[in-house]
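Residue-level structure breakdown
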Amino acid sequence: MKKSFSPSNLALAVVFMLFFISFSVVLVLNFRPLYYHDIEALGIVESSGISEEDIRTNYDTLISYNSIFGQKELDFPTLAMSESGKIHFEEVKNIFVFVQWLCISTLFAGTAGLFFKFRKKDAGCLKLAGVLTPLVPAVLGGLIALNWENFFVTFHHIFFRNDYWLFNPATDPVITILPDAFFLHCAIAILVLIIFFSLLSFLVSQLLSRHWS
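This text gives an overview of the structure that appears in the document. (Residues numbered from 1 in each chain as written. Predicted model: local features only at pLDDT ≥ 70, side-chain atom pairs only at ≥ 80, totals over all residues. Heavy atoms only, no water.)

1. Here's the deal with the overall build of the protein chain
Put simply, the rule reads: Helix numbers and strand numbers start at the N terminus; a helix is a DSSP run of H or I with at least 4 residues, a strand a run of E with at least 2. Burial classification: accessible surface area is computed with a 1.4 Å probe over protein chains only, and a residue below 20% of its type maximum counts as buried, one above 50% as exposed, and the rest as partly exposed. Contacts were defined at the residue level, with two residues in contact if any of their heavy atoms lie within 4.5 Å. Only four residue types enter the tally: Lys and Arg on the positive side, Asp and Glu on the negative side, with His and both chain ends excluded. Where a charge sits is defined by one atom per residue type, namely NZ (Lys), CZ (Arg), CG (Asp) or CD (Glu).
Regarding its fold elements, the protein chain presents 9 helices and 0 strands. For the protein chain, the α and β elements follow one another from N to C terminus as α-α-α-α-α-α-α-α-α. For the protein chain, the spread of C-alpha atoms along the three principal axes comes to 65 × 35 × 30 Å. Residues classed as buried in the protein chain amount to 40% of the 213 residues present. Within the protein chain, contacts between residues at least 6 apart in sequence are counted, and of these 79% link residues at least 24 apart. Charge-centre separation for the protein chain: the mean point of 14 positive side chains lies 28 Å from the mean point of 17 negative side chains.

Here it is, written out as structure tokens:
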């Protein structure tokens with residue numbers, strides 16, 4: 001097997017790193033059982049004063065809206081929404097749609113790259129991806145462990161150019177069913193998935209190396 005470190009392998013490793021990250025985000029975003037579990041675990045019914053049925057219905061509407069194929073306008077079935085809240089959710093959708101397209105494009109690019117690499121019995125890109133990708137959860141995980149609240153606020157300052165994410169429960173009651181702890185659980189799940197895909201990539205590269213040697 002050829003040396004792992006080469007310009008083409010490094011480029012493909014970056015493609016797979018972006019795929020692992022975006023795919024992990026997409027998986028967690030659409031894994032509704034995580035939120036359903038948190039409804040009870042975080043006592044969202046009690047803290048929000050909203051029935052579990054309405055909580056699920058409005059959350060499902062929000063997740064469907066954030067899909068590439070979701071509706072263009074967000075309309076919560078039983079919750080009011082301010083104009084600033086609507087703008088914020090539009091901005092959130094733009095980010096998630098970008099991540100979904102990134103996931104799709106890197107999947108196709110990575111698959112095409114692997115096709116040519118495997119013909120040459122070179123899985124170095126997978127090895128590099130397995131080594132480089134864990135740096136992302138290592139850095140982000142460290143920041144989250146140090147101060148989750150500061151990380152959460154900084155994240156919003158980076159990705160949003162306004163303060164519309166600071167919801168007023170009186171005008172945007174949806175914030176009462178989206179506690180910070182739920183987003184922390186999402187962040188942890190994403191980091192765990194990224195590490196898993198990194199290890200899987202490295203393991204596959206090692207198995208192929210032995211098979212081709």
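2. Structural notes on the nonpolar core
The condition that has to hold: Residues belong to a common nonpolar core when they are buried Ala, Val, Leu, Ile, Met, Phe, Trp, Tyr or Cys residues joined through side-chain atoms within 4.5 Å.
Within the largest apolar cluster, 42 residues are counted, with the highest numbers of intra-cluster contacts made by Phe16, Tyr35, Phe89 and Ile177. Discounting residues that sit within four places of it in the chain, Phe16 has contacts with Gly110, Leu114, Cys125, Leu126 and Ala129. Residues Phe151, Phe152, Ala187 and Leu191 belong to the second largest nonpolar core, which totals 6 residues.

3. What about the state of the cysteines?
Each disulfide consists of one covalent bond between the sulfur atoms belonging to two cysteines. Formally: The disulfide criterion used throughout: a pair of cysteine sulfur atoms within 2.5 Å.
According to the stated counting rule, one finds 0 disulfides in the structure shown. Unpaired in terms of disulfides, Cys125 finds its nearest cysteine sulfur in Cys103, a separation of 17 Å. Looking at Cys125, the relative accessible area reads 0%, which means it is buried. Considering cysteine sulfurs only, Cys103 is the nearest to Cys186, which forms no disulfide, with 17 Å between them.

4. Side note on the packing of helix H1 (residues 7–30) against helix H9 (residues 180–212)
Using the following cut-off: Here an angle of 0 to 180 degrees is reported between the N-to-C directions of two axes, which are lines fitted to C-alpha atoms, with helices fitted over the stretch in contact. The labels follow the angle: roughly parallel below 35 degrees, roughly antiparallel above 145, roughly perpendicular from 65 to 115, and oblique for the rest. Crossing chirality is assigned from the near helix's rotation relative to the far helix, an anticlockwise turn below a right angle marking it left-handed and a clockwise turn marking it right-handed.
Interaxial distance between H1 and H9 falls to 9 Å at its minimum, and their mutual angle equals 135 degrees. When the axes of H1 and H9 are compared, the pair comes out oblique. Considering how the two elements wind past one another, H1 and H9 form a crossing that is right-handed. Of H9, the residues touching H1 (which contributes Phe20, Ile21, Phe23, Ser24, Val25, Leu27 and Val28) are Cys186, Ala189, Ile190, Leu193, Ile194, Phe197, Ser198 and Ser201.

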